[in-house]
Amino acid sequence: MPRESYQERLEELREDVLYMSEVVLERFRVGLDALEQKDEELAWEVIEGDDEINQMYLELEQDCVDLLALQQPVAGDLRFIAASFKIITDLERVADLATNLGEYTLTADRDMFPEVDIQGIADHTLEMIEDAMAGYRDEDTDACYQIAERDDEIDERCEDASEAVVRDLIEREVGDGADDAEIEQLMNDVSRLLLTIRDLERVGDHAVNIAARTLYMVENDDELIY
């Protein structure tokens with residue numbers, strides 16, 4: 001393959017990875033809307049759309065394999081392809097977390113969000129993914145370190161939110177006339193909210209993974225990889 005064509009394929013890979021991130025983030029936002037609004041139509045949109053994300057992942061994986069096998073890249077190009085492969089893996093897992101939100105929506109019965117800022121946490125984690133992908137696009141190592149630092153705040157907010165949910169459950173008064181079905185639904189709603197918080201925390205972790213791979217790609221520095 002001529003050198004010019006090879007470089008074009010590398011740039012196409014970068015653009016395709018960035019496009020995948022845009023699709024995944026949009027799906028996650030739809031999943032959050034579905035859960036907040038208890039909208040089953042939106043929930044099914046996210047769930048059924050997961051196959052498209054999986055197909056996108058497989059096509060990009062094959063692109064990475066082809067570049068590695070046919071071009072035998074070295075140094076910076078090798079790190080770029082390897083990092084891109086790892087990043088699409090993180091993006092595919094974020095899409096799986098979006099599917100979780102859709103599935104939680106289908107079992108939701110009542111609002112459990114009054115004292116827990118789910119949307120605020122979600123906005124922060126999705127911004128981390130956006131910024132991590134911008135760092136990948138621009139090869140911005142400073143952004144990589146900033147993403148890792150911001151994850152500590154997400155972890156703290158998620159821990160506080162989980163504690164608030166448990167505290168609310170302990171303090172909640174269930175009427176003497178509540179039947180087993182009502183109690184079971186209450187526990188299901190609490191579990192759903194805790195799982196949502198856990199999934200948001202994982203999105204933040206995937207943002208750090210993307211930043212870590214970008215730092216490795218640009219500077220051959222594995223400091224943030226864990």
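Quick note: structure is the one above.
Residues numbered from 1 in each chain as written. Predicted model: local features only at pLDDT ≥ 70, side-chain atom pairs only at ≥ 80, totals over all residues. Heavy atoms only, no water.

## Points about the packing of helix H4 (residues 75-107) against helix H5 (residues 118-138)
Working step 1: Closest axis-to-axis distance for the H4/H5 pair is 12 Å, and the angle between their directions is 165°. Classified by the angle between their axes, H4 and H5 sit roughly antiparallel to one another. In terms of crossing hand, the pair formed by H4 and H5 is left-handed. Contact residues: Phe80, Ser84, Ile87, Leu91 and Val94 in H4; Ile129, Met133 and Tyr136 in H5.
Working step 2: Here the residues of the contact of H4 with H5 sort into 7 nonpolar, 1 polar and no charged. (Axes fitted to C-alpha atoms, helices over the stretch in contact; angles between N-to-C directions. Helix = DSSP H or I, 4+ residues; strand = E, 2+ residues; numbered from the N terminus. Parallel < 35°, antiparallel > 145°, perpendicular 65-115°, else oblique. Left-handed = near helix turned anticlockwise from the far one by under 90°. Contact = heavy atoms within 4.5 Å. Nonpolar A, V, L, I, M, F, W, Y, C, P; charged D, E, K, R; others polar.)

## Notes on the environment of Leu25
Working step 1: Of note, Leu25 is situated in helix H1 (residues 3-37).
Working step 2: Overall, Leu25 belongs to the buried group, its relative accessible area being 5%.
Working step 3: Spatially, the C-alpha atoms of Leu25 and Ala95 are 7.8 Å apart, while their sequence positions differ by 70 residues.
Working step 4: Those residues within four positions of Leu25 in sequence are excluded, and the remaining contacts are Leu126, Ile129 and Glu130. (Buried < 20%, exposed > 50% of the residue type's maximum accessible area, 1.4 Å probe, protein only.)

## Considerations on the side chain of Thr105
Working step 1: For Thr105, the position within the fold is in helix H4.
Working step 2: On the accessibility criterion, Thr105 (3% relative accessible area) is buried.
Working step 3: Polar contacts involving the side chain of Thr105 include one to the main-chain amide nitrogen of Leu35, which spans 3.2 Å.
Working step 4: Discounting residues that sit within four places of it in the chain, Thr105 has contacts with Gly31, Ala34, Leu35, Lys38, Asp39, Glu40 and Ala43. (Polar contact = N/O pair within 3.5 Å; in protein donor to acceptor, adjacent residues only side chain to side chain.)

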